[in-house]
Amino acid sequence: MRGSRDPRLQVAHPVFSRTIVIVLDSVGIGELPDAAAYGDQGSDTLGSISRAMPLRLPTLVSLGLDNLVPVLAGHERPTGTRARGAYGRMAEASAGKDSVTGHWEMMGIVLDQPFPTFPNGFSRDLIAEFERRIGRGTLGNVVASGTEIIDRLGPEHMATGKPIVYTSADSVFQIAAHEDVIPIAEQYRICDIAFDLVARGLGVGRIIARPFVGAPGSFKRTANRHDYALAPAGRTLLDHLTDRGIPVVAIGKIKDLFAGRGIGRAMPTASDSEGMDCVLDAMQDTGRGLIFANLVDFDTVYGHRNDVKGYGTNLERFDARLAALLPRLHPADLLVVTADHGNDPSTPSTDHSREYVPLLAGGARVRPGVDLGTRATFADLGQTLAANFAVGPLAHGTSFLESIVVDHS
């Protein structure tokens, strides 16, 4: 898949001087054609939530979301009126359905092979070597829900000091430990050792520190989570922008997902609310370039816990925050709202799902009511931004910049 963009729009002065991309982590909008191969047939994250509870998402609907999620049609926007922005959906061309794969693809990298997964846990030899290097035994080494395994093994962990190791349907090596038993600095050192052994050694996509606090029966994960990801397998839009001196601000886990590469400023967050605060703060002091945010609570707090009501309520909270953000856009801003995969909380699975993701674009220079259709890859987004800033082109993706720009001729 060779990248392409419209040469007529490769100009020194971008159409959009600043782009704000907000990724609603796991907010998929329906199964991809190959979903069954991933065990995800029938998954429809946003559709399932909409059918389970009444959702009020007037801001997202005004941008065209109701054209992508049939159950929302006619709920918030008067019949016959067009969306204030451009809308479409994107398919994932890469193999896989995890956050690293999704975000890398948005920025121009398409993976032919998925990151390795471990449905039966990690090998005894690997765990033994890990234990030798960290100087402790471990618990778990199973596929599990993070909250469930902490509840189940947390008391033993507190009694023995052994960290809890677990994985999921994604390519992850997760390490959970109580902050009063293993201090945060030591937890991060343990993760560094795991990264060298498992990520560099086996190609696992991420090592994740999962600290928690509390007493048995009331454990709670903290905001000290930290993701250790492999560096991108090629040059991304972030690399191209940074090389040209164009500011890149990463909010939430974006820095972790790209191993810090191509990022000028990082703003870690403890919640989606704080993430939106950071977006607004970045808009105050970053007048050009890319503001790239991930809102992870949709996935970690609600999707993985199969909390349909909580997920829907968080969508409504985001919609209200988005309504407050829109008036603060500059005339030359481009706002994009999208997602990286699905995580349908209505299904028995607690893992990610292989789904289309929404593509909503807004701003004063965006042509209203434009249907961008189904994009063949998330990389179309990155290629569009590359064309706008006259960098690249990226290795994958087709720009839709010309389709969305208001014609002033």
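Source: prediction; values computed, not measured.

### Brief notes about helix α3 (residues 99-106)
Judged by how many residues are buried, α3 sits mostly within the fold: 8 of 8 residues are covered. Of the positions making up α3, those classed as buried are S99, V100, T101, G102, H103, W104, E105 and M106. After α3 finishes, the residue G108 shows a positive phi value of roughly 115°.

### Structural notes on the nonpolar core
F130, F173, I207, F292 and F318 are the most contacted members of the largest nonpolar core, which has 117 residues in total. Take this core: its biggest share by element is 8 residues, from helix α6 (residues 184-202). Apart from residues lying up to four places away in sequence, I207 is in contact with F173, I175, C191, A194, F195, V198, A199, H226, D227 and Y228. Listed in part, the 10 residues of the second largest apolar core include A144, L153, I164 and Y166.

### Observations regarding the sheet that holds strand β9 (residues 248-251)
The sheet built from 8 strands is open, its strands ordered β10-β9-β11-β1-β12-β13-β2-β14 with mixed pairing. The open sheet terminates on both sides in strands that have one partner only, identified here as β10 (265-267) and β14 (371-375). When strand polarity is set aside, the average angle formed by the axes of neighbouring strands in this sheet is 15°. As paired strands, β9 and β10 are joined by 3 bridges and run parallel to one another. Bridge pairing in β10 places I251 opposite M267.

### Regarding the environment of R133
Position of R133 among the secondary structure elements: in helix α4 (residues 124-134). As a C-alpha pair, R133 and I190 span 57 residues in sequence and 8.6 Å in three-dimensional space. With residues up to four places along the chain from it excluded, the contact list for R133 reads R189, I193, D196 and L197.

### Focus: the packing of aromatic side chains
The full count for this structure, using the stated rule, is 7 aromatic pairs. Between the aromatic rings of F122 and F173, the centroid separation amounts to 4.7 Å while the plane-to-plane angle is 55°, which identifies the pairing as tilted. With F122 in the loop between α3 and α4 and F173 in strand β5 (residues 172-178), this pair connects stretches of sequence that are 51 residues apart. Members of the aromatic cluster, joined through ring pairs, are F118, F122, F130 and F173. It is R89 that lies over the ring of Y356; its NZ or CZ is 3.7 Å from the centre.

The rules behind these values
- Residues numbered from 1 in each chain as written.
- Predicted model: local features only at pLDDT ≥ 70, side-chain atom pairs only at ≥ 80, totals over all residues.
- Heavy atoms only, no water.
- Buried < 20%, exposed > 50% of the residue type's maximum accessible area, 1.4 Å probe, protein only.
- Helix = DSSP H or I, 4+ residues; strand = E, 2+ residues; numbered from the N terminus.
- Core = buried A, V, L, I, M, F, W, Y, C linked by side-chain atoms within 4.5 Å.
- Contact = heavy atoms within 4.5 Å.
- Pairing = 2+ DSSP bridges.
- Axes fitted to C-alpha atoms, helices over the stretch in contact; angles between N-to-C directions.
- Phe/Tyr/Trp six-rings, centres within 6.5 Å; stacked < 30°, edge-to-face > 60°.
- Lys NZ or Arg CZ within 6 Å of the ring centre and 35° of its normal.

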